[in-house]
Protein chains: 2
Amino acid sequence: MATLTAPAAGELRSIDAATGEPFGEPFATNSADDVDAACAAAAAAFDDYRSRPLEERAAFLDRIADEIMGIGDPLIEAAMRESGLPRARLEGERGRTVGQLKLFAQVVRDGHFLGLRVDPALPERQPLPRPDLRLRKVPLGPVAVFGASNFPLAFSTAGGDTASALAAGCPVIVKGHGAHPKTGSLVADAIKRAVTACNMPEGVFGHVLGSGNTVGGALVKDPRIAAVGFTGSRGGGTALMKLAQARPVPIPVYAEMSSINPVLLMPEALKARGAALGTAFVASLTMGAGQFCTNPGLLLAVEGEGLDAFLDAARAAMGDAPASTMLTPGIHAAYNEGVEELAKHAKVETIARGQAGQGVTCGQAALFATTAEAFLADAALGHEVFGASSLLVRCRDEAELVRVLQEAEGQLTATIQMDAGDTAMAQRLLPELELKAGRVLANGWPTGVEVAHAMVHGGPFPSTSDGRTTSVGTMAIDRYLRPVSYQNLPEELLPVELRDGAALPKLVDGKPA
Amino acid sequence: MATLTAPAAGELRSIDAATGEPFGEPFATNSADDVDAACAAAAAAFDDYRSRPLEERAAFLDRIADEIMGIGDPLIEAAMRESGLPRARLEGERGRTVGQLKLFAQVVRDGHFLGLRVDPALPERQPLPRPDLRLRKVPLGPVAVFGASNFPLAFSTAGGDTASALAAGCPVIVKGHGAHPKTGSLVADAIKRAVTACNMPEGVFGHVLGSGNTVGGALVKDPRIAAVGFTGSRGGGTALMKLAQARPVPIPVYAEMSSINPVLLMPEALKARGAALGTAFVASLTMGAGQFCTNPGLLLAVEGEGLDAFLDAARAAMGDAPASTMLTPGIHAAYNEGVEELAKHAKVETIARGQAGQGVTCGQAALFATTAEAFLADAALGHEVFGASSLLVRCRDEAELVRVLQEAEGQLTATIQMDAGDTAMAQRLLPELELKAGRVLANGWPTGVEVAHAMVHGGPFPSTSDGRTTSVGTMAIDRYLRPVSYQNLPEELLPVELRDGAALPKLVDGKPA
């Protein structure tokens, strides 16, 4: 979902999202030598950082949260101007960012993430004795993080990727997002203050600025980088995947990319509350100018009673939907292009548009409709239009709806709007939905991603590069760990958390102990 | 570690490992259409299979084990002739294979592998209520398995990849190994009898034979295949990785490939028991004609007291080491080539050779030595020679030994032979060892991989394609699963194991419950 503003040679300016004009002091971009130095510092810090007691690591995460709060209003003001997002949203996002850091501090203290396992020796076993085997997860190594434009705090410099990688014990180098250099630099400075305050090795956090192709590419190719976290466009994510796979030693890329988040409007729900659904749908669609990874970009319904009421209410709500400043001029241009392509598509009907805005980067919401037949015939209709645009696919019957689902690409979310009378049909559809998406919702809207233990913000390709993972919630830490087994190690050599009597949760002979 | 015997067009013959001559009835190889049909059947079976109660899935795994035992001696005899491995070893391997299936049956019954998590709704939370979130892991889909030549039972048709994928709920299609078509077909038939006996959908298991390039490539490229398990050569594994990454929807490849398994001979251990170490080392090196993934192919020692005693004892033991039939004529030829390259290398000294054998495919053990300087200057000295060949690297001091370790590629195992007086040095080396290998051993030998909960048979590239995983032990099941989060689903729609009151282990609000 990210589009980079091309920087002037050697510097990067903040761009006012509302006007497209540069403002404030310029930021120096980094060279390949700077990237090399950051990687060397991260590699040098790794053994020290990962071997600190868990409580020190947790306190460091807490301190980062405190330092971010300590920036105060200048952080909110910078983010407002650079992203065009309103104050309340950014204050909420800051709360989420800080809460996420503190949650990962708790995860570190709990120790469950270490995946400790012990299979005690069986010296008398026949025909061969069993050795003493103990397992823990260790961090992969320095992680390169590429933040997103649409959450300049929660998915950027100190966002979920950074928090989970630091929690895992990995040094982090953030490639600062070109759409919010001021916001990112304020947060990077806060992290650096926490590094000093907590007496952590300096290289545990690095921050570089510059173009994705040079600075970003150099980071991913550096042999000292062990994994990549990315939130952004499909093009950007797949480019990083290719770079990572072509290395002499390939590394994992966790890219959260592209999703249109199908919402299934079930027959009985439409009958009972079509109008209410239409109104609520538009609220979800237009929230934050539609710039959420989980924005409901695809509606599926079987033609029938209640669909007209849904559309009437959606039309009315769209008419009231004000235009909102989009994140960057580039994102605004891409949105307009995507909407225009749908508007002029021979098989697509324009149902409603939102209000046109005054600002040069204001996004005008859009709702389109097409038939299942047309959708199935043209893969382009299934591509993400990042912003407040959605496409209703009218299906003749359940079988056609299932075919549309089956042909759809991998998704972050899939939602069912259902009433009790829809249960049998929902039960038939669920197996398809859970294979297609990382999160399945009933009677809600996909926007709004809880930072929790049971959250999955991930899903089959192309919603992410690796559907076995999540980038939100405590399971995000698993991405930056790998297991190591220790066989017959003397006590003095064993990691402390695997020594006899250590208090952390573990499996002993496969059973929780 | 596998080399395929090129099949005659349309058929494949068993080859007697000892003579290189074909024997027995020919096996028809499969066409691209057959692969397509197997994938279609696997895809059709997937939803049925994965939704069976866990007890049915467990009973199916148990039944496969019973059916394999039911083949009786003809299985052992086929494997002996096709692999050249002796009876006792193959009977042990059969026990391991059957035990592994039964262990995974227990893993399925325990339910820990589902990774269940529940974050109950918090309807009163301010400023926003928290939804009800429940998470489980679901199987990825049909898995293609490529077995190894060196374990015709435990790493082949019903080996660890097949057992763990079936346990995860994935249908499996095995590409039968060309070096043991008879053994593989007997096992495949046993699995098919279990499918019928347990009333499982037929497509839950498929078996195809043919060349890696056509049949194997078609399998990996098929859009219905969701993951690949492979044990074999680095060339074969990296070729599958490339195919999988080039698909419109990339899929994970779990390839266990190439490892030389460094063994560190620490100064005090050498002083105290150099001769005993030399004898024990040769026993580990020559076991099974050295055809183990974890064979000790690299010895590291600092020059000093005890190293001569180690070498004298190793020389004596090598002189007593009989030549053993290797798995295939191709593997035998590749071994000889690798050994000859070392023997004629200007910087490499031949320490000892084992006995020369009478058979045309007998491997003659080999021990070489070189300096750290030479090893660091020539990457080829760090490549695997599959078979009973090992290279001692003489280091001037600890710093040089550390450099050799740091330059070594990723490994399945790393071993320290140490005495109490070596503890401080071992503590300094451990961080390096655990970043380089999936399993770290003290005072043992890496051959012998326990099937256990705390085992890791994996490691950084190129020992495997994905160092975050293991192919042996109960954690192997994680490779074929991905998490799905369910938000606010009505009870009737929730998977049974996530409903209130379900008895399986889970995390509630992040705490074991």
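Use the structure listed above.
Residues numbered from 1 in each chain as written. Chains lettered and ligands numbered in written order. Predicted model: local features only at pLDDT ≥ 70, side-chain atom pairs only at ≥ 80, totals over all residues. Heavy atoms only, no water.

Novice: Teacher, can you tell me more about the interface of chain A and chain B here?
Specialist: You'll often see interface size given as the accessible area lost when the parts meet. Between chain A and chain B, the contact holds 72 residues from the first and 72 residues from the second. Each partner contributes to the roughly 5,900 Å² buried at the junction of chain A and chain B, and carbon and sulfur atoms together form 58% of this total. Note that Arg136(A) is salt-bridged to Glu434(B), the shortest N-O span being 2.8 Å. Remark: the boundary between chain A and chain B carries 42 residue pairs in polar contact (both at pLDDT 80 or more). Where the side of chain A that touches chain B is concerned, the elements lending two or more residues are α1 (32–51), β3 (117–119), β4 (133–139), α8 (234–246), α14 (423–436), β18 (437–442) and β19 (481–487) of chain A. Of the residues in the side of chain A that touches chain B, the class split is 39 nonpolar, 13 polar and 20 charged. The pairing of β18(A) with strand β19 (residues 481–487) of chain B spans 3 bridges and is classified as parallel. Across the sheet, the residue bridging to Arg439(A) is Ser485(B), located in β19(B). (Contact = heavy atoms within 4.5 Å. Buried area = accessible area lost by both parts, 1.4 Å probe. Salt bridge = Lys/Arg side-chain N within 4 Å of Asp/Glu carboxyl O. Polar contact = N/O pair within 3.5 Å; in protein donor to acceptor, adjacent residues only side chain to side chain. Helix = DSSP H or I, 4+ residues; strand = E, 2+ residues; numbered from the N terminus. Nonpolar A, V, L, I, M, F, W, Y, C, P; charged D, E, K, R; others polar. Pairing = 2+ DSSP bridges.)

Novice: Explain unusual backbone geometry to me, please; I cannot follow it from the model alone.
Specialist: Working note: non-glycine residues mostly have negative phi, and peptide bonds are mostly trans. Here the residue pair Phe461(A) and Pro462(A) is connected by a cis peptide bond, since its omega of 5° sits within 30 degrees of zero. For Pro462(A), the location among the structural elements is in the loop between β18 and β19. With an omega of 0°, the peptide bond running from Gln126(B) to Pro127(B) counts as cis. As for its placement among the helices and strands, Pro127(B) is situated in the loop between β3 (117–119) and β4 (133–139).

Novice: How should the sheet that holds strand β5 (residues 143–146) of chain A be read in this particular structure?
Specialist: In sheet architecture, strand pairing relies on hydrogen bonds along the backbone and comes in two forms, parallel and antiparallel. All names here are of chain A. Spatial ordering of the open sheet is given by β7-β6-β5-β8-β9, a layout of 5 strands whose pairing is parallel. Unpaired on one side and paired on the other, β7 (205–208) and β9 (253–256) mark the two borders of the sheet. Ignoring which end each strand starts from, the neighbouring axes of this sheet average 15° apart. Pairing geometry for strand β8 (residues 227–231) and β9, over 4 bridges, is parallel. Bridge pairing in β9 links Thr-231 to Glu-256. (Axes fitted to C-alpha atoms, helices over the stretch in contact; angles between N-to-C directions.)

Novice: Would you mind showing me how to read the pattern of salt bridges here?
Specialist: If the charged atoms of two oppositely charged side chains come close together, the side chains can form a pair. Summed over the entire model, instances satisfying the criterion amount to 68 salt bridges over all chains. Note that Arg125(A) is salt-bridged to Glu450(B), the shortest N-O span being 2.6 Å. Of this pair, Arg125(A) sits in the loop between β3 and β4 while Glu450(B) sits in the loop between β18 (437–442) and β19, on two different chains. Between Arg224(B) and Asp222(B) there is a salt bridge; the shortest N-O distance is 2.8 Å. For Arg224(B), a relative accessible area of 28% gives the class partly exposed. One salt-bridge network, held together by shared partners, links Asp47(A), Arg50(A), Arg136(A), Glu497(A) and Glu434(B). (Buried < 20%, exposed > 50% of the residue type's maximum accessible area, 1.4 Å probe, protein only.)

Novice: Could you clarify how one ought to interpret the sheet that holds strand β5 (residues 143–146) of chain B in this entry?
Specialist: All names here are of chain B. The 5 strands are arranged β7-β6-β5-β8-β9 in an open sheet whose pairing can be described as parallel. Two strands in the sheet have a free side with no partner beyond their single neighbour: β7 (205–208) and β9 (253–256). Strand-to-strand twist in this sheet, taken as the mean axis angle between neighbours without regard to direction, amounts to 15°. Relative to β7, strand β6 (residues 172–175) is paired through 4 bridges, and the arrangement is parallel.

Novice: Sorry, what's going on with the relation of the copies chain A and chain B here?
Specialist: Mapping between the two copies of the chain is achieved by a rotation about an axis and a shift along the axis. Expressed as a screw operation, the relation of chain A to chain B combines 0.0 Å of axial shift with a rotation of 180°, fitting to an RMSD of 0.0 Å. Here the symmetry operator amounts to a two-fold rotation axis. Same-surface contact between copies: 100% of interface residues of chain A are shared with the interface of chain B. (Least-squares fit on C-alpha atoms with pLDDT ≥ 70 in both.)

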